[in-house]
Amino acid sequence: MNKLEEIKQELVPHLVNERVFCEPGSREFIELDSIEIEETKSEWSSYDRVCKLYRGKVNIKFSGEVKTFPVFIKEEVLHHSNSCVKIQNEICFYKEIAPKLGLTSIPKCYWTGKYQDQGLNYIILEDLQAEGYKVVKSRRLDKEHMKLALEAIAKIHGKGLSFKDNNYNEFRHVSKLLTTIPPEMYTITTLGSIKRLQKYLTSRYSHSQFGAIAKSIDKLLESKNMDDIYGHYSPIFNECENDIFTICHGNFTRDNLMYKYNGNIPEAVKVIDWKSARYSSPLVDLYSVIFLNSTSTEWSHVVVEQNLYTQALRSVYSNIPTSFMQQEFKKKLEYALLKAGYYEDMSYERLDNILSAIESRV
């Protein structure tokens, strides 16, 4: 029996009998009506290497009335070296963390775990595509998309901080279950992009705070070994915790956001793909928005002038001083610039806009 047939004939029927599709406390009589599931592909090849993906519908009779549950299933790929670690991270997030935070901006998770003692790990989620959610096709997020993204990640961070304050021992227990997956430096930057960034900062910002970053990068370039360079930056987001360390996504880019629309206007967003979830500084997510997602013309308006992220954060967690966030912002800036420098479409003009906005705040 192949894996697809195993899912249809064994796994899903077992989960229906376990009532994972029922609301908590439900006592309705249920029985499986039909299953329509097929293998699917992700738009991003890296997803396919880590998980095999399935999409379909589970039709269940509740007291004789059929209800349909669109599902999106991730199956562990054993031959991939990082598959086990990454899917275990995502299982931990959905099983141990998300229920405690009461998050609404992530897909509903019906079940996670290993099927049978020697089986594979699975994650069974609601199918957002069937619910009308779409991935943004443009290279950048405009004002409306950015606003929803910032508010969503800020509230996730804030709920993590509230949980940390109110139940510290339990929070530390579940956060330690996450395996920190270090960014692979070879995919983040190259020696050429580091030199390009250093030259840019020296020529334009030699007498500002960014000039100091240029000097630091110049010293770093004395080593041409990428392992040494990664060793320099890896502790930045994995240092000893401070007061604003919280549950972070770890790869918060537009690829991992799905939007629902009213006409052409986005009205809701869900944050997907939590395999890089980590206990870290919220700047690990916020910098991804700043440098990789936003348009240069919208960055200052959305993130700095209106301060949407901080406002949304404080709507669920008010015990965070502005000065502390600014210190974090400055501390993580060098790494963020290095990451941004890798992307060919990160023009000097765009960096100028971003750094000017940062300089007025930090």
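Residues numbered from 1 in each chain as written. Predicted model: local features only at pLDDT ≥ 70, side-chain atom pairs only at ≥ 80, totals over all residues. Heavy atoms only, no water.

## Structural notes on the packing of helix H4 (residues 143–166) against helix H12 (residues 308–316)
Spelled out, the test is: Throughout, an axis means a line fitted to C-alpha atoms (over the contacting stretch in the case of helices), and angles, computed between N-to-C directions, take values from 0 to 180 degrees. Put simply, DSSP H or I for four residues or longer makes a helix, DSSP E for two residues or longer makes a strand, and each gets a number counted from the N terminus. Helix crossings are classified by the rotation of the near helix relative to the far one: an anticlockwise turn of less than a right angle makes the crossing left-handed, while a clockwise turn makes it right-handed. Contacts are residue-level and defined by heavy atoms, with any inter-residue pair within 4.5 Å sufficient. Throughout this entry, Asp, Glu, Lys and Arg are counted as charged residues, while Ala, Val, Leu, Ile, Met, Phe, Trp, Tyr, Cys and Pro are counted as nonpolar. The remaining residues, Gly among them, count as polar.
At their nearest, the axes of H4 and H12 sit 7 Å apart, and the two run at 35 degrees to each other. Every pair of crossing elements has a handedness; the one defined by H4 and H12 is right-handed. For the pair H4 and H12, the contacting residues are Lys147, Leu150, Glu151, Ile153, Ala154, Lys155, His157, Gly158, Lys159, Leu161 and Ser162 in the first and Leu308, Tyr309, Ala312, Leu313, Ser315 and Val316 in the second. Of the residues contributing to the contact of H4 with H12, the split by class is nine nonpolar, four polar and four charged.

## Quick look at the nonpolar core
As a reminder of what qualifies: By nonpolar core is meant a set of buried Ala, Val, Leu, Ile, Met, Phe, Trp, Tyr and Cys residues that side-chain atoms within 4.5 Å join together. Only protein chains enter the accessibility calculation, which uses a 1.4 Å probe; a residue whose area is less than 20% of its type maximum is buried, one above 50% is exposed, and one in between is partly exposed.
With 53 residues, the main nonpolar core has Phe93, Ile97, Ile106, Leu257, Tyr259 and Trp274 as its most contacted residues. Other than its neighbours up to four places away in sequence, isoleucine 106 contacts Phe93, Tyr94, Ala98, Glu126, Ile156, Lys270, Val271 and Trp274. Val12, Val20, Ile35 and Tyr115 belong to the second-largest nonpolar core, a separate cluster that totals 24 residues.

## Some words on the side chain of glutamate 76
Inclusion rule: The sign given to each residue is positive for Lys and Arg and negative for Asp and Glu; His and the chain ends receive no count. Any Lys or Arg side-chain nitrogen located within 4 Å of an Asp or Glu carboxyl oxygen qualifies as a salt bridge. Polar contact is the term for a pair of N or O atoms within 3.5 Å; when the atoms are in protein, one must be able to donate a hydrogen and the other to accept it, and sequence-neighboring residues count only if both atoms are side-chain atoms.
With respect to the helices and strands, the residue glutamate 76 is situated in strand E3 (residues 65–76). No salt bridge is formed by the buried glutamate 76. Its closest oppositely charged neighbour is lysine 114, at 4.6 Å. One polar contact links glutamate 76 to asparagine 121, side chain to side chain, over a distance of 2.9 Å.

## Notes on the pattern of salt bridges
If the charged atoms of two oppositely charged side chains come close together, the side chains can form a pair. Using the criterion set out here, one finds nine salt bridges in the structure. Glutamate 170 is the partner of lysine 100 in a salt bridge, and the nearest nitrogen-oxygen pair spans 3.9 Å. Taken together, the residues lysine 100 in helix H3 (residues 83–101) and glutamate 170 in helix H5 (residues 168–175) connect sequence positions 70 residues apart. In this structure lysine 100 comes out as partly exposed when scored by relative accessible area, which is 34%.

## As for unusual backbone geometry
At serine 63, a position not held by glycine, the phi torsion is positive, near 50 degrees. Checked against the element boundaries, serine 63 lands in the loop between strand E2 (51–62) and E3. You can call serine 63 exposed: its relative accessible area is 51%. Its identity is not glycine, yet aspartate 273 carries a phi of approximately 60 degrees, on the positive side. Along the polypeptide, aspartate 273 turns up in the loop between strand E9 (265–271) and strand E10 (278–280). You can call aspartate 273 buried: its relative accessible area is 5%.

## What about helix H1 (residues 3–17)?
To keep things clear, this is the line we draw: One less than the residue count of a helix, multiplied by 1.5 Å, gives the span that helix is expected to have. Bend, at a single residue, is the angle you get between axes fitted to the 7 residues ending at that residue and the 7 residues starting at it.
For H1, which comprises 15 residues, the first-to-last C-alpha distance of 20 Å matches the rise-based estimate of 21 Å (1.5 Å per residue) to within 8%. Where H1 bends most, the angle comes to about 30 degrees, and this point is leucine 11, followed within four residues by the proline proline 13. Residues of H1 that are buried: Glu6, Ile7, Leu11, Val12, Pro13, Leu15 and Val16. Positive backbone phi, approximately 65 degrees, marks arginine 19, located one or two places after H1.

## Quick notes on the packing of H4 against H5
What counts, and what does not: Small angles under 35 degrees read as roughly parallel and large ones over 145 as roughly antiparallel, with 65 to 115 read as roughly perpendicular and the rest as oblique.
Following both chains from N to C, one finds H4 and H5 inclined at 125 degrees, their axes separated by 5 Å at the closest point. It follows from the interaxial angle that H4 and H5 lie oblique. The segment H4 lies against H5, with Gly160, Phe163, Lys164 and Asn166 engaging Tyr168, Glu170, Phe171 and Val174. A breakdown of the residues in the contact of H4 with H5 according to their chemical character gives four nonpolar, two polar and two charged.

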